[in-house]
Structure formats: structure tokens, C-alpha cells
Amino acid sequence: MNPVFDEGMRVRREVLGDEHVDGAVARTDAFTADFQDFITRYAWGEVWTRPGLERPVRSCVALAVLAALGHEQELAMHVRAALRNGVTREEIKEVLLQVGVYAGVPAANRAFAVAQPILAGEPS
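Residues numbered from 1 in each chain as written. Predicted model: local features only at pLDDT ≥ 70, side-chain atom pairs only at ≥ 80, totals over all residues. Heavy atoms only, no water.

Participant: Run through the side chain of R12, naming residues and quoting values.
Facilitator: You can see R12 is positioned in helix α1 (residues 3–16). Although R12 is buried, it makes no salt bridge; E74 carries the closest opposite charge, 8.2 Å away. Not counting the four nearest positions on each side in its chain, R12 is found in contact with G17, V21, A24, Q36, I39, T40 and W44. (Helix = DSSP H or I, 4+ residues; strand = E, 2+ residues; numbered from the N terminus. Buried < 20%, exposed > 50% of the residue type's maximum accessible area, 1.4 Å probe, protein only. Lys, Arg positive; Asp, Glu negative; His and termini not counted. Salt bridge = Lys/Arg side-chain N within 4 Å of Asp/Glu carboxyl O. Contact = heavy atoms within 4.5 Å.)

Listed below in C-alpha cells is the structure:
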């Protein structure tokens, strides 16, 4: 197989968890196969594997961008991933406060609403 794809799948599973990735793979069909290959190779195999940022920092960047753009489903997924990557509840809160300043209070308000139930089960 493709080594970039294989590395991307390894990182994707480490960051998002097997359950999430297995579900995405199971839903793949002829229409979505090229996109799944694309995100596994480029997002996970090329960008998330770069040495310039540690995973917790990459998670914080992902949270900020997804919150700013209002991508709620992806934001929820990446709140879980951030926790898996060692980002604390406090750090997630600080990222979302930054979103409020730089992307607007409505974006941060919605992001807090998305993150709150996910973080409710996490220790403070």
C-alpha cells in the first residue's frame, strides 16, 4: 500500500480513535472513497505528521479554526481528539475564549455549547 496513506491512517486512528475511523471507513463507498483517501493521505499523512507542531498544538489550532468557521460536527470530533492528544479542559476553554475575541462572540458561544456536553464527563 501507500506509506503516506498508512502513516496517515495510523495518526488518524491515534487522534480520532478507532471507533470513529472504523465508522468512517465502513461508510465509505464509491462516491466517498477518493475523499477518504485524500484526507487520510494529506490531512493525516502529510500535515498531522509534520514535525513543526506537537499534536496538542495542532489540536488547539483545529479547535480554533473549526469554531471560527462554525463547523460544529467537526468541532465536536476535534474536542474529543484534543482530549485524546492531552489538551486539558482549561486549554480548550482558553482556545474558545480566543475565538470569541478574534472570530466573534457568536462563534465562541456556539463552540462552548458544542464542547460543554463533551467536557461534562471529563475531570476538571
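Here the narrative resumes, following the displayed structure.
Participant: How would you explain the packing of α1 against helix α5 (residues 72–84) if you had to name every residue and give the values?
Facilitator: Here α1 crosses α5 at 90°, and the two axes come no closer than 7 Å. Considering the angle they form, α1 stands roughly perpendicular to α5. Here E14, V15 and L16 of α1 come into contact with α5, specifically with M77, H78, A81 and R84. A per-class count over the contact of α1 with α5 returns 4 nonpolar, 1 polar and 2 charged. (Axes fitted to C-alpha atoms, helices over the stretch in contact; angles between N-to-C directions. Parallel < 35°, antiparallel > 145°, perpendicular 65-115°, else oblique. Nonpolar A, V, L, I, M, F, W, Y, C, P; charged D, E, K, R; others polar.)

Participant: An account of the nonpolar core is requested, with residue identities and associated values reported.
Facilitator: By size, the foremost hydrophobic cluster in this structure holds 19 residues, and its most contacted members are L63, A67, L75, V79, I92 and L96. Sorting the residues of this core by element identifies α4 (55–69), α5, α6 (89–102) and α7 (105–119) as the ones contributing at least two each. Here the element with the most residues in this core is α7; it accounts for 7 residues. Grouped together as the second largest cluster of nonpolar side chains are 10 residues, M9, V11, V15 and A81 included. (Core = buried A, V, L, I, M, F, W, Y, C linked by side-chain atoms within 4.5 Å.)

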